[in-house]
Amino acid sequence: MGKVLDHLVYRTRIHGRENVPAGGPVIFAANHLSYLDGPVMVGAAPRPMHVLVKQEMFTGILGKVLQYSGQIPVDRSGDRAALSDARALLAEGRCVGILPEGSRGAGDAAEVSSGVAWLALISGAPVVPVAVLGTRISGEHWDAIPQPGRVFHVAFGTPQTYRRLPSASGRVSMDTAAEAIRRQLSGHVRRSVALTGQRLPAAHTRDDNRLAAYPEGTDDE
């Protein structure tokens, strides 16, 4: 599905494929603008990956496609089964994709979840930052699907491995890693914007109904 979106429906320009390790486990951590970010990242990557996707998407024909392609359903109630599944895949030397901002937003990685840090520390897999640009632009609604033919950019950054801090608690190590990954992704997004000329959408807030449905601190993706 990702390659169809990238090369038939849209025009995706790929940068930094050489940064992706050719073998072994890899965590792809991408910014989050649109429903399309996950599949667009999958289609652009030089290696197959299993992406964490909210379980509500696993219905109908789309659900069958996601299940068949090995994507990982995420229960937003706080169940950590998805992270355990991702850990097992990494232990087999596979690739896992995650959108650590959690919800669609400005895509600048101002915040990331601790889940990506837990995966990085527990697996020892390198984290490759991924900037996905153009899937939503200024003025478009959160749920907008871009018109066919639009140019997207997917940029893969330099991998970084994270380790638990000596003599520090697991919580301190995870918080430290999460902030380091946030800086890694945020900096990569900024550099990718400069490289491609494709700006992030202007920052704005969700409408009152969406805020009521997804209170502060709750992921909606």
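Up top is the structure.
Quick notes on the rules
- Residues numbered from 1 in each chain as written.
- Predicted model: local features only at pLDDT ≥ 70, side-chain atom pairs only at ≥ 80, totals over all residues.
- Heavy atoms only, no water.
- Helix = DSSP H or I, 4+ residues; strand = E, 2+ residues; numbered from the N terminus.
- Buried < 20%, exposed > 50% of the residue type's maximum accessible area, 1.4 Å probe, protein only.
- Contact = heavy atoms within 4.5 Å.
- Areas by Shrake-Rupley, 256 points an atom, 1.4 Å probe, with all protein chains shown as cover.
- Salt bridge = Lys/Arg side-chain N within 4 Å of Asp/Glu carboxyl O.
- Pairing = 2+ DSSP bridges.

## A word on the overall build of the chain
Of the regular secondary structure elements, the chain holds seven helices and seven strands. Within the chain, the fraction of its 221 residues that count as buried is 48%. Expressed as a percentage of contacts within the chain between residues at least 6 apart in sequence, the contacts between residues at least 24 apart total 76%. When the accessible surface of the chain is totalled, it reaches about 10900 Å², and 53% of it is carbon and sulfur.

## Things to note about the pattern of salt bridges
Side chains that carry opposite charge are capable of pairing whenever their charged atoms lie near each other. Taken as a whole, this structure holds five salt bridges when the rule is applied. With a closest N to O distance of 3.0 Å, Glu179 and Arg182 form a salt bridge. Of this pair, Glu179 and Arg182 both sit in helix H6 (residues 170–196), three residues apart, which is roughly one turn of the helix. On the accessibility criterion, Glu179 (33% relative accessible area) is partly exposed. In this structure, Arg183 and Glu179 form a salt bridge, with 3.5 Å as the shortest nitrogen-oxygen distance.

## Quick word on the pairing of strand S7 (residues 151–156)
Looking along a regular strand, one sees the side chains alternate between the two faces of the sheet. Counting buried positions along S7 yields six of six residues, so the element is predominantly enclosed. Of the two faces of S7, the one carrying Val151, His153 and Ala155 and the one carrying Phe152, Val154 and Phe156 are both buried. Inspection of the sheet shows strand S1 (residues 11–15) paired to S7 by five bridges, in the parallel sense. Paired with Thr12 across the strands is Phe152, a residue of S7. Bridge count for strand S6 (residues 127–133) against S7 is four bridges, and the pairing is antiparallel.

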